[in-house]
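# Architecture at a glance
The residues making up each chain are set out below.
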Amino acid sequence: MLFRSILAAHDRTRFQISVYGYRNAGGPPPPALAPHGVRWVDTRGLSDSSIAQLMRSDGIDVLIHPCTFKARYRTILAERAAPLQMAGINFLSTTGLAATDYLLSDAILTPSTDRAFFTERLAILPVFNCYGAPAYAPEVNSLPARANGFITFGSLNNPAKVGAASIDLWSAALADIPTSRLLLKHRAFDDAAVREDFSRRFLGHGIAPQRIVFAGFTPDPHAYLTAYHDIDIALDTTPFNGGTTSYEAIWMGVPVLTLAGERLMGRQTASLMTAIGHPEFVTGSKQAFVAQASELSRQLD
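What counts, and at which threshold
Residues numbered from 1 in each chain as written. Predicted model: local features only at pLDDT ≥ 70, side-chain atom pairs only at ≥ 80, totals over all residues. Heavy atoms only, no water. 1 Å grid on protein atoms, 1.4 Å probe; cavity = no way out; pocket = protein on both sides within 12 Å on 5 of 7 lines; lining within 4 Å. Points joined across faces, edges and corners; volume = space filled by probe spheres on them. Helix = DSSP H or I, 4+ residues; strand = E, 2+ residues; numbered from the N terminus. Pairing = 2+ DSSP bridges. Salt bridge = Lys/Arg side-chain N within 4 Å of Asp/Glu carboxyl O. Buried < 20%, exposed > 50% of the residue type's maximum accessible area, 1.4 Å probe, protein only. Phe/Tyr/Trp six-rings, centres within 6.5 Å; stacked < 30°, edge-to-face > 60°. Axes fitted to C-alpha atoms, helices over the stretch in contact; angles between N-to-C directions. Parallel < 35°, antiparallel > 145°, perpendicular 65-115°, else oblique. Left-handed = near helix turned anticlockwise from the far one by under 90°. Contact = heavy atoms within 4.5 Å. Nonpolar A, V, L, I, M, F, W, Y, C, P; charged D, E, K, R; others polar. Core = buried A, V, L, I, M, F, W, Y, C linked by side-chain atoms within 4.5 Å.

Let's shift gears to empty space enclosed by the protein. For the coordinates displayed, the defined rule picks out two cavities of 30 Å³ or more. By volume, the largest cavity is sized at about 70 Å³. The wall of the largest cavity is formed by Gly154, Ser155, Leu156, Asn157, Tyr228, Ala234, Leu235, Asp236, Thr245, Ser246, Ala249 and Val256. For the lining of the largest cavity, the elements supplying multiple residues, two or more each, are strand 7 (152–155), strand 10 (233–235) and helix 8 (244–251). The leading source of residues in the lining of the largest cavity is helix 8, at three residues.

What follows is the structure, encoded as structure tokens:
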């Protein structure tokens, strides 16, 4: 949803775009590329050096690397496959390579105090990424709290991100708003042992099990996004923020309350909420997070 949106916005009179990659099962390029007039180059079975040489032979002027945390593709950057090399779109931090000339970012994600820690020059954009909603996304519904009479917080993040810090933060918000509920949805919650473990962890912070609602795997992607029809305010994970889940929540009309962290991966949602003009959903401390959750819960309009 991120890469496709960027492809769609390029000026075809100024850029010819080639996408190098392969599909695990072989076959034609991903259907999502078809509407954007890109040239697909199948690299299945090629070594990193061969791919880099192929890019040089093809006369690529600018290489944009989409996943800096995948070591294999960093090798292609190190091979200097193009005169100008950039990284971005789906990254965790610096590539650590002198061969990467620029890293795409924004002022929220990488404040000026952090920029000395990057090997690349930072290309500071208004926002570091671009989300395009899937065609199957359902319509936004009316606010659930209107019908329920209480606020439902929610998270569709991978439970691996919901560590002690997230549970402590969310429990504080739930405790401050005694009538509120928390909806957690992920395929992991199909497992009774996982549900019981999370219930115990919240109970350790004084949150009764009946206030936590679990939902498991939804095979239909359209139905998956309708989970947001039951959520008033999404709660972001910390210290590792939501990524695609935050974009999906916003598209479905559900704002994401976030605690901006000190590191890049703890500032993703702060970047998003600021970019769309709602910095009030970005907080700087646990106390501010709880206070804002309470304040927002009183402002249903």
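On to the sheet that holds strand 9 (residues 212–215), then. As summarised here, the arrangement of the six strands in space is 9-8-7-10-11-12, forming an open sheet in which the pairing is parallel. The sheet is open, and its two edges are formed by strand 9 and strand 12 (282–283), each paired on a single side. Pairing of strand 10 with strand 11 (residues 256–259), which is carried by two bridges, proceeds in the parallel orientation. Looking at strand 11, one finds that Ala234 is bridged to Val256.

Here the idea is simple: oppositely charged side chains can pair when their charged atoms come close. By the definition in use, this model includes eight salt bridges. The shortest N-O distance in the salt bridge between Arg80 and Asp101 comes to 2.8 Å. One end of the pair, Arg80, is in the loop between helix 3 (71–78) and strand 4 (84–87); the other, Asp101, is in the loop between strand 4 and strand 5 (102–106), with 21 residues separating them in the sequence. Judged by its relative accessible area of 31%, Arg80 is partly exposed. We note a salt bridge from Arg146 to Asp301, for which the minimum N-O separation is 2.5 Å. Within this pair, whereas Arg146 is found in helix 4 (residues 144–148), its partner Asp301 is found in the segment after helix 10 (286–297), the two being separated by 155 residues in sequence. The residues Arg146 and Asp301 share a single accessibility class, namely exposed. Through salt bridges that share partners, Asp197, Arg200 and Arg201 make up one connected network.

Here we take up the packing of aromatic side chains. On inspection of all chains with the given rule, the structure shows three aromatic pairs. Residues Phe189 and Phe214 carry aromatic rings whose centres are separated by 5.1 Å and whose planes lie at 45° to one another, so their mutual orientation is tilted. Residue Phe189 is found in the loop between strand 8 (181–185) and helix 6 (192–203), and its partner Phe214 is found in strand 9; the two are separated by 25 residues along the sequence. Here Phe189 falls in the buried class, since its relative accessible area comes to 4%.

Another aspect to go through is unusual backbone geometry. Negative phi characterises most residues that are not glycine, and trans characterises most peptide bonds. Residue Thr238 is joined to Pro239 through a cis peptide bond whose omega torsion reads 5°. Within the element layout of this structure, Pro239 appears in the loop between strand 10 and helix 8. Of note, Arg80 is a non-glycine position whose phi angle comes to about 55°, a positive value.

This part is about the packing of helix 5 (residues 164–176) against helix 10. Interhelical geometry of helix 5 versus helix 10 gives an angle of 40° and a closest axis separation of 9 Å. Put simply, helix 5 runs oblique to helix 10. Where helix 5 crosses over helix 10, the two elements pack in a sense that is right-handed. Contact residues: helix 5 offers Asp168, Leu169, Trp170, Ala172, Ala173 and Asp176, while helix 10 offers Lys286, Phe289, Val290, Ala293 and Ser294. By residue class, the composition of the contact of helix 5 with helix 10 is seven nonpolar, one polar and three charged.

Formed by 38 residues in total, the largest nonpolar core has its most connected members in Phe153, Trp170, Leu182 and Phe202. Secondary-structure elements contributing two or more residues to this core are helix 5, strand 8, helix 6, strand 10, strand 11 and helix 10. It is helix 5 that provides the largest number of residues to this core, a total of five residues. When neighbours within four sequence positions are excluded, Trp170 is seen to be in contact with Ser155, Val162, Leu182, Leu184, Phe202, Leu235, Asp236, Thr237 and Phe289. Within the second largest apolar cluster, 14 residues are counted, among which are Ala87, Phe91, Leu103 and Leu272.

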